[in-house]
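Here are the chains, one letter per residue:
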Number of protein chains: 2
Amino acid sequence: MPRLEDVCRQVLALITPSEEEREHVLGLAKQIMDSLRAVLEEEGVDGEVRLEGSLAKDTWLSGEADVDIFVRFKPDIPRDFLKGRFLQIARRATAGLRHVERFAEHPYLECLADGIRINIVPCYAVRPGEWLSATDRTPYHTQFVLSHLNERLKGEVRLLKKFLKGIGAYGAEIRVGGFSGYLCELLTIYYGGFKEALEGASRWRKGTLIDIAGHYEGREDEAREFFRHHLVVVDPVDPARNAAASVRLDKMCLFIAAAREFLERPGLRFFFPGPEEPKGVSEFKHELEVRGTSIIAIHVKTGGMVPDVLWGQAFRTLRAIRGLLKNEGFRVLRATAWSDEEEHLILLLELEASTLPPVVRHVGPPIWAVEHVKRFLRKQLSDPDLVSGPYIEGDRWFALIKRRWPRAAELLSSKLSDSGGRAIGVAPLLAKRIEEWFEVLEGPQVVELCRSLPGFKAFLEAFLRGRPAWLVPEG
Amino acid sequence: MPRLEDVCRQVLALITPSEEEREHVLGLAKQIMDSLRAVLEEEGVDGEVRLEGSLAKDTWLSGEADVDIFVRFKPDIPRDFLKGRFLQIARRATAGLRHVERFAEHPYLECLADGIRINIVPCYAVRPGEWLSATDRTPYHTQFVLSHLNERLKGEVRLLKKFLKGIGAYGAEIRVGGFSGYLCELLTIYYGGFKEALEGASRWRKGTLIDIAGHYEGREDEAREFFRHHLVVVDPVDPARNAAASVRLDKMCLFIAAAREFLERPGLRFFFPGPEEPKGVSEFKHELEVRGTSIIAIHVKTGGMVPDVLWGQAFRTLRAIRGLLKNEGFRVLRATAWSDEEEHLILLLELEASTLPPVVRHVGPPIWAVEHVKRFLRKQLSDPDLVSGPYIEGDRWFALIKRRWPRAAELLSSKLSDSGGRAIGVAPLLAKRIEEWFEVLEGPQVVELCRSLPGFKAFLEAFLRGRPAWLVPEG
């Protein structure tokens, strides 16, 4: 077994940007910032152009640079300005680059240069606590982190980020529901290193509270009551914000489990899970058949939806559909969602079986509920789907009746055909798309999707495997 | 719809013994009592020969006479005498009749004459409360009932008995778990009539207390606490005895439900359910196939077991087997038992399906339980039956594994082959028989049993129908 320190050293060598890469990326950033400053001056707009994010904090990973350039405006600049003229200015300053407009709380501009993503984001220059927009905190975050990191700790942040990426828990976006870069920095600062952060996490409990700046010293229970989350990391620059609010319970637990495993049996596999041997589609189909479960996919076209909205709708809908299937007697083993975030969304369900026996036991009212009993008996006795009974067991009436929906795919098709499934809890924006088009696929049909959707096959394979790549048999 | 009074009049005409039948049965009783008295005198044994039971109380049903003859001994007669010499005396007094020895708390003699069952039962002449054996109360019961019944009420008792017989809730034996003849008499006396008793029952609740003699007046909650049963009818001749202790919850509820229905829509069907059209075995098989459920039978040879013991063991075992199947993922719709009370016992189960999908979700420990998790992961990762995972959902580890027992019949055969199923909760006396021989049958094989077991077919048909005969669609 490799020593933990050796693993970290090896990883660091791979993820720390070289001087050359550093110069290239920082040069690109400087070029755009200069250009932005020039355009702002030309247009007579007063705004402070600043480098933020992991590049400013020197905690970015080699090959994965994101250039975050913020333009900080005085609080008297109207919001409409940010939505309109600001974007024009940013576009002019980056003329010649590919542009994408993104919407968070307010719009920002994303462009690509040499495969490097550049975000140009507006914010207000306000004092802490007087936030006018969500991005106003960022300069303070940068400041806090920079003043608490030395060279060694920057490497430790990189290790933690790469570790979380490797286990699939990095990123505050809804798709991931994991740990943001800023949260990685806070954890590294709080625990004093990467290994120390893992040791800390391995002791976490539901309701763990980390309060670096001591905002709630002596009032920890109050903080827990205020945030009501399984993991609370109080933002040092904003006592009212949980920097870990994005972390879903399963991702918190995944991190804890992986941390424990890494501390006991360190290895590169946590950081570089590596792609599995790709399978042919027909081999894949055969595997699915041998497996013996039923895979069902709901395919929806979601072009134009912002990713965080898309994933929010997808997860909400998945929960509703899982509930529907369960209520109808299907045993759902697992459920997940995949999307290219451009056009296609696949809700994926694995069931013990997609068909159920034709008869089901209907639990009627207790015999004491006289009026319910009357209605129940009248209904059952005239129901052509009655198979046996009604009969009494214990103090209750029961009946055996024909199962309404013995096939999961038919159940789903029918419920989704009715106004996009709104009645069964499909999230509204998704229901709208479903009204336009959807398909329910089963087994080999799902595997066929791999041919037309790049990236879906690897996802499906990982889903079917289930086991995290870092979890391997001992010895 | 017939009027309730007309129905009762019609039924009474059919169930009240004619003068001729009365003379015949009472003549037979007198003859045996005389003979008993003669033998007792010959042998120099001091014992009072008395007629007890429904014949003495004149509450018996035409065609169903049971002659209960008691011999009441002084308390100083030793118990051994009852077990040995008493039976010899009874046998001598009924020489020429077919004899069966029965065992309740102590042995008694049963014989048959002209198809009429005659029970010769010993008891002690003791004062109330000083009971030496369970049958000592009987003469007091007879006395209490006779002193509270007039001619009209005797007919009302007959109606109530026949009603309970018709709905399958008559009899204190474990097979039925219903209402004894004495309990019918008490209810008729308490409510003042048959219709009144049904009206009373239709208002019963769990924990209903009926205390005719007022033993617990003002202390009703104390009585409920003492008896702890869903139905308490305090025995007027013994405040420590619940005359309804034998009534199981489902039979109590069946009576309540039938009583309500009869009061709303009276009819002969409650008293005379009548046999359904008998079906051919092959027609029966086809019906079962169309039905779509799975019928499983466990066939055991139980020769020589006393019925109450047999049924106690059967019901206990049925609960255990139902639990086993449920734990393994099978959905049990219904379960019941049949026996000829001579040789064969059939435990009968109806399942949604007797085979289950090959993969099952295994719920592992929450990630917080560090040592459990270690063991779980080690076990799963080295398990050749692992299909997918382990993976985390919420704060728990899960794994998909090959189902150990996808076939119910195989599961049952295997578990019963292991020391008669003691480990899964088969009752010990039955486990002993199962160790000697058993078979697990499925679907058409169960129908085949109808050919060799008289009475089983009608039982199976009624079981499959499920619906009580008195429960018919309105109009």
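Note that the structure is a prediction, hence the values are computed from the model and not measured.

Draft legend 1. Fine view of the confidence of the model for chain A. Predicted confidence across chain A gives a mean pLDDT of 93, with 99% of residues reaching 70 or more. Across the interfaces of the predicted complex, the ipTM metric reaches 0.90, alongside a pTM of 0.85.

Draft legend 2. Geometry of the nonpolar core. Judged by nonpolar contacts, the single largest core of 126 residues is most densely connected at A:Phe255 and A:Leu347. Considering every element that reaches this core, the biggest residue donor is helix α11 (residues 249-264) of chain A, with nine residues. In contact with A:Leu347, not counting residues within four places along its chain, are A:Ala297, A:Ile298, A:Ala314, A:Thr317, A:Leu318, A:Ile321 and A:Ala337. Listed in part, the 125 residues of the second largest apolar core include B:Ala65, B:Leu198, B:Ala257 and B:Leu471.

Draft legend 3. Region of interest: unusual backbone geometry. Note the cis peptide between A:Gly389 and A:Pro390, where omega equals -5 degrees. Here A:Pro390 lies in strand β13 (residues 386-393). Unlike most non-glycine residues, A:Ser419 shows phi in positive territory, near 40 degrees. Here A:Ser419 shows up in the loop between α15 (408-417) and α16 (428-436). Residue classification places A:Ser419 among the partly exposed positions, given that 13 C-beta atoms sit within 10 Å. Unlike most non-glycine residues, B:Glu341 shows phi in positive territory, near 60 degrees. One can find B:Glu341 in the loop between β10 (332-339) and β11 (344-351).

Draft legend 4. View of the domain arrangement of chain A. Domains assigned within chain A are domain 1 (20-133), domain 2 (149-274), domain 3 (281-355 + 405-465) and domain 4 (359-402). Here the C-alpha centroids of domain 2 of chain A and domain 4 of chain A sit 53 Å apart.

Draft legend 5. Representation of the environment of A:Cys450. All names here are of chain A. Mapped onto the elements of the fold, Cys450 is located in helix α17 (residues 444-452). Taking the C-beta count within 10 Å as the criterion, Cys450 has 20 such neighbours and is therefore assigned buried. Sequence spacing of Cys450 and Leu324 is 126 residues, and the spatial spacing of their C-alpha atoms is 27 Å. Apart from residues no more than four positions distant in its own chain, Cys450 is found in contact with Val281, Phe456, Lys457 and Leu460.

Draft legend 6. Local environment of the packing of helix α7 (residues 151-167) of chain B against helix α8 (residues 181-191) of chain B. Residue and element names in this part refer to chain B. Relative to each other, α7 and α8 sit at 125 degrees, their axes nearing to 9 Å. Comparing the axis directions of α7 and α8 gives the class oblique. The two elements α7 and α8 meet at a crossing, and its hand is right-handed. Together, Leu153, Glu156, Val157, Leu160, Lys161 and Leu164 of α7 and Gly181, Cys184, Glu185, Leu187, Thr188 and Ile189 of α8 make up the contact between the two elements.

Draft legend 7. Fine view of helix α16 (residues 428-436) of chain B. All names here are of chain B. The complete set of buried residues in α16 reads Leu430, Ala431, Arg433 and Ile434. For α16, the buried positions fall inside an angular range of 160 degrees around the axis, keeping them on one side. Turned more than 90 degrees away from the buried face of α16, the exposed residues are Pro428 and Glu436. Contacts made by the buried residues of α16 are with β9 (294-301), α13 (307-327), α15 (408-417) and β15 (438-442).

Draft legend 8. Region of interest: the packing of helix α1 (residues 4-15) of chain A against helix α7 (residues 151-167) of chain A. Residue and element names in this part refer to chain A. Following both chains from N to C, one finds α1 and α7 inclined at 90 degrees, their axes separated by 10 Å at the closest point. Judged by the inter-axis angle, α1 sits roughly perpendicular to α7. Across the interface between the two elements, Cys8, Val11, Leu12 and Ile15 of α1 pack against Gly155, Arg158, Leu159 and Lys162 of α7. Among the residues forming the contact of α1 with α7, the class breakdown is five nonpolar, one polar and two charged.

Draft legend 9. Quick peek at the pairing of strand β2 (residues 66-73) of chain A. Residues and elements named next belong to chain A. Across the eight residues that make up β2, a large majority, seven, are buried. Across six bridges, the pairing between strand β1 (residues 47-52) and β2 is antiparallel. Bridged to Gly47 within β2 is Phe73.

Draft legend 10. Structural detail: the relation of the copies chain B and chain A. Aligned on chain A, chain B shows an RMSD of 0.1 Å; the corresponding rotation is 180 degrees and the shift along the axis is 0.1 Å. Taken together, the turn and the small shift mark the pair as related by a two-fold rotation axis. For chain B, the smallest separation between a C-alpha atom and the rotation axis is recorded for B:Leu356, amounting to 4.8 Å.

Draft legend 11. Focus on the sheet that holds β9(B). Residues and elements named next belong to chain B. On the basis of which strands lie adjacent, the open sheet formed by four strands has the order β10-β11-β9-β15 and antiparallel pairing. The sheet is open, and its two borders are formed by β10 and β15, each paired with just one other strand. Adjacent strand axes in the sheet meet at a mean angle of 15 degrees when their direction is disregarded. Across the sheet, α15 is in contact with β9, β11 and β15; its angle to β15 comes to roughly 175 degrees. Against the sheet, helix α17 (residues 444-452) touches β9, β11 and β15, its axis set at about 115 degrees to β15.

Draft legend 12. Representation of the interface of chain B and chain A within the structure. Listed as interface residues are 41 residues of chain B and, on the opposing side, 42 residues of chain A. Of all the secondary-structure elements, those providing two or more residues to the side of chain B that touches chain A are α11 (249-264), β12 (359-366), α14 (370-381), β13 (386-393) and α18 (456-465) of chain B. Considering each element in turn, the side of chain B that touches chain A owes the most residues, seven residues, to β13(B). For the side of chain B that touches chain A, a count of residues per class yields 23 nonpolar, seven polar and 11 charged.

Draft legend 13. Here's a closer look at the environment of A:Leu26. Of note, A:Leu26 is situated in helix α2 (residues 19-43). On a C-alpha basis, the gap between A:Leu26 and A:Pro365 in space is 72 Å, while along the polypeptide they are 339 residues apart.

Calculation rules
Within each chain, residue numbers correspond to sequence positions counted from 1 in written order. For naming, the first written chain is A and the first written ligand is 1, with later ones following in the order written. Whole-chain, interface and lining totals are the exception, using all residues; otherwise, since this is a predicted model, local features are given only for residues with pLDDT of at least 70 and side-chain atom pairs are given and counted only at 80 or more. Every residue gets a pLDDT, meaning the predictor's confidence in that residue, from 0 to 100. Each nonpolar core reported here comprises buried Ala, Val, Leu, Ile, Met, Phe, Trp, Tyr and Cys residues connected via C-beta atoms within 7 Å. The exposure scheme places C-beta atoms from the backbone and then counts, for each residue, the other C-beta atoms within 10 Å of its own, assigning buried at 20 or more, exposed at 12 or fewer, and partly exposed in between. Numbering of helices and strands runs from the N terminus; a helix is a DSSP stretch of H or I covering at least four residues, while a strand is a stretch of E covering at least two. Any two residues are considered in contact once their C-beta atoms, placed from the backbone, lie within 7 Å. An automatic or database domain assignment supplies the residue ranges for each domain. Here, axes are lines fitted to C-alpha atoms. For helices the fit covers the stretch in contact, and angles between N-to-C directions go from 0 to 180 degrees. Orientation labels follow simple angle bins: below 35 degrees gives roughly parallel, above 145 gives roughly antiparallel, 65 to 115 gives roughly perpendicular, and whatever is left gives oblique. In this scheme the crossing of two helices becomes right-handed for a clockwise turn of the near helix relative to the far one and left-handed for an anticlockwise turn of less than a right angle. In this description, the arc belongs to the directions extending from the helix axis to the C-beta atoms. By the convention adopted, Pro, Cys, Tyr, Trp, Phe, Met, Ile, Leu, Val and Ala count as nonpolar, Lys, Arg, Asp and Glu as charged, and the other residues, Gly among them, as polar. When DSSP finds two or more bridges between two strands, those strands count as paired. All copies are superposed by least squares; the fitting set is the C-alpha atoms of residues with a pLDDT of at least 70 in both.

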